[in-house]
Each structure stands twice: as C-alpha cells, then as structure tokens.
Amino acid sequence: MYFGQTLKSRYPHLKWDQPLKNKKFADFGQVVLVGFGRASLNPVRIVVTFCYGVAGGKQAPRRLDEVYGYWSSLANETKGTANAG
C-alpha cells in the first residue's frame, strides 16, 4: 500500500477505488489506484509479485525503481486529462 500511496501523494489526481462490478475482474474487491487511463494499479499485487522475483533471484531489488518509474510516467501522462473527463 505504501507503493501506491507514494504515487498518490505525488499525483493527486489518482484515486483509490475498490472494483466490485465484475466478479471475474482480476482485482475484484481489491483496493486499486485509478487515474492511469484505462489501467488500474493494484499495489499489493505488484509488490508481492516483485518480492517473489527478488526472493527467487529473478529480479534485482533496484527493479522496483523501474516499476515505480513506469507507473509514475503513466500517472504523469494522465494528470492533465483526469479533470477533463
């Protein structure tokens, strides 16, 4: 959740949401960040998957910076359009 809250603090147009409409949705009932266009961020799923990669020796710990950079760039691209829609 800290990963998501860090993004939200930097990009105030992002909002917390809990998708409950489609039970087949991968993040159904989970707390996600929206405001990245069509994508939503499940910070718990992202960080848990990252940690499995580090523990298994398949990811370097610094890769988290790249993951943050990716979501940060998506948030930056959509920050001007968040209030337009």
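For every chain, the first residue of the written sequence is number 1, and numbering continues from 1 along that sequence. Under the rules for a predicted model, residues below a pLDDT of 70 receive no local features and side-chain atom pairs below 80 are neither given nor counted, while totals for whole chains, interfaces and linings still include all residues. Side-chain metrics in this entry use all non-hydrogen atoms of the structure; hydrogen atoms and water are not considered.

Novice: Just to check I follow, could you spell out the pairing of strand β2 (residues 32-36) for this structure?
Specialist: One face of the sheet, then the other: side chains in a regular strand alternate in exactly this way. We treat two strands as partners when DSSP finds at least two bridges between them. Working definition: helices are DSSP H or I runs of at least four residues, strands are E runs of at least two. Numbering for both runs from the N terminus. As paired strands, strand β1 (residues 15-17) and β2 are joined by three bridges and run antiparallel to one another. When the bridges of β2 are listed, D17 appears paired with V32. Relative to strand β3 (residues 39-41), β2 runs antiparallel, the two sharing three bridges. Pairing of L33 across the sheet is with L41, part of β3. Joining the antiparallel neighbours β2 and β3 is a turn of two residues, in which G37 adopts a positive phi near 85°.

Novice: Would you mind going over the environment of W16 with me for this structure?
Specialist: If you trace the backbone, W16 turns up in strand β1. The buried label applies to any residue whose accessible area, calculated with a 1.4 Å probe on protein chains only, is under 20% of its type's maximum; exposed applies above 50%, and partly exposed to all values in between. W16 sits in the partly exposed class, given a relative accessible area of 29%. Once the C-alpha coordinates of W16 and C51 are considered, the two residues, 35 residues apart in sequence, prove to be 23 Å apart. Between two residues, a contact is recorded if the distance between any of their heavy atoms is within 4.5 Å. Filtering out sequence-adjacent residues up to four positions away, W16 remains in contact with M1, G4, Q5, K8, V31, V32, L33 and P43. Side-chain polar atoms of W16 contact the side chain of Q5, separated by 3.1 Å. The definition of a polar contact used here is a pair of N or O atoms within 3.5 Å, where within protein one atom must be able to donate a hydrogen and the other to accept one, and adjacent residues in sequence count solely through side-chain atom pairs.

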